[in-house]
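# Residue-level structure breakdown
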Amino acid sequence: QVQFVESGGGLVQPGGSLRLSCVASGYTFSPYDVAWYRQAPGKERELITTASSTGHTTTYLDSVKGRFTISRDNRKNTAYLQMNSLKPEDTGVYYCNRVIGPVSRKVPSEYWGQGTQVTVSS
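An account of the accompanying structure is given in this report. If you're wondering where the values come from, they're calculated on a predicted model, not measured in any experiment.

In this section: the side chain of Arg-72. Here Arg-72 is to be found in strand β7 (residues 68-73). The buried charged residue Arg-72 lacks any salt bridge, with Asp-33 as its nearest oppositely charged partner at 5.2 Å. Polar side-chain contacts of Arg-72 include one of 2.9 Å to the backbone oxygen of Ser-52. One polar contact links the side chain of Arg-72 to the main-chain carbonyl oxygen of Ser-53, over a distance of 3.4 Å.

Rendered as structure tokens:
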């Protein structure tokens, strides 16, 4: 069974930082691209960043470029999301997933974890 377990969220003040982790299991982690998604209150889940199988190629939503960094450790079946200079609009539940497809149209698997809540507020 494919599983994703996200952790590391919390309440942080604007300008603060958090590092999210995602442990994947139930499939061979290394060949697949990995992505982080965010679901803000009252909005649909959106793709915010992806990393290739080696981690060498990454993409970012414009609103997080320069502030967020995705990385992965294939030995640990784990993906990370370093979030700096957080803003209130970064608030939401963050999920990771494996993705396939071209850069412009990444498709996640049907499996979703519980996500981890990030709240940016003073």
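This next bit is on the pattern of salt bridges. In this structure the tally under the stated criterion is 6 salt bridges. Note that Asp-33 and Lys-106 form a salt bridge whose closest N and O atoms lie 2.7 Å from each other. A residue pair is termed long-range when its members are at least 10 positions apart, and Asp-33 in strand β4 (residues 33-39) and Lys-106 in the loop between β9 (92-100) and β10 (107-108) qualify at 73 residues. Judged on exposure class, the residue Asp-33 and its partner Lys-106 are both buried. As a salt-bridge pair, Asp-73 and Arg-75 come within 3.2 Å of each other at their nearest N and O atoms. Classification of Asp-73 as buried rests on a relative accessible area of 13%. Given the relative accessible area of 76%, Arg-75 is considered exposed.

To continue, consider the pairing of strand β5 (residues 45-51). Direction of pairing for β4 relative to β5: antiparallel, over a ladder of 6 bridges. Bridge pairing links Arg-38 to Glu-46 in β5. Direction of pairing for β5 relative to strand β6 (residues 58-60): antiparallel, over a ladder of 3 bridges. The partner of Thr-50 across the bridge, within β6, is Thr-59. Hairpin connection from β5 to β6: 6 residues lie between these consecutive antiparallel strands, with Gly-55 at a positive phi of about 85 degrees.

Right, let's talk about the sheet that holds strand β8 (residues 78-83) for a bit. Taken in spatial order, the 4 strands make up an open sheet running β1-β3-β8-β7, and their pairing is antiparallel. For this open sheet the edge positions go to β1 (3-7) and β7, each flanked by a neighbour on one side alone. Averaged over all adjacent pairs, the angle separating strand axes in this sheet is 15 degrees, with direction ignored. Both β7 and β8 contribute to a ladder of 6 bridges, which runs antiparallel. When the sheet's bridge partners are listed, Arg-72 is paired in β8 with Ala-79.

One non-glycine residue with positive phi stands out, namely Asn-77, at about 50 degrees. Here Asn-77 shows up in the loop between β7 and β8. Even without being a glycine, Ser-85 presents a positive backbone phi close to 50 degrees. Judged by its relative accessible area of 38%, Ser-85 falls in the partly exposed class.

Counting residues in each nonpolar core, the largest one holds 24 residues, and the members touching the most others are Trp-36, Phe-68, Leu-81, Met-83 and Tyr-94. Secondary structure elements with two or more residues in this core: β3 (18-25), β4, β5, β7, β8, β9 and β11 (116-120). It is β3 that contributes the most residues to this core, 4 residues altogether. One finds Ala-35, Tyr-37, Tyr-95 and Val-99 within the second-largest nonpolar core, a separate group that totals 5 residues.

Calculation rules
Residues numbered from 1 in each chain as written. Predicted model: local features only at pLDDT ≥ 70, side-chain atom pairs only at ≥ 80, totals over all residues. Heavy atoms only, no water. Helix = DSSP H or I, 4+ residues; strand = E, 2+ residues; numbered from the N terminus. Buried < 20%, exposed > 50% of the residue type's maximum accessible area, 1.4 Å probe, protein only. Lys, Arg positive; Asp, Glu negative; His and termini not counted. Salt bridge = Lys/Arg side-chain N within 4 Å of Asp/Glu carboxyl O. Polar contact = N/O pair within 3.5 Å; in protein donor to acceptor, adjacent residues only side chain to side chain. Pairing = 2+ DSSP bridges. Axes fitted to C-alpha atoms, helices over the stretch in contact; angles between N-to-C directions. Core = buried A, V, L, I, M, F, W, Y, C linked by side-chain atoms within 4.5 Å.

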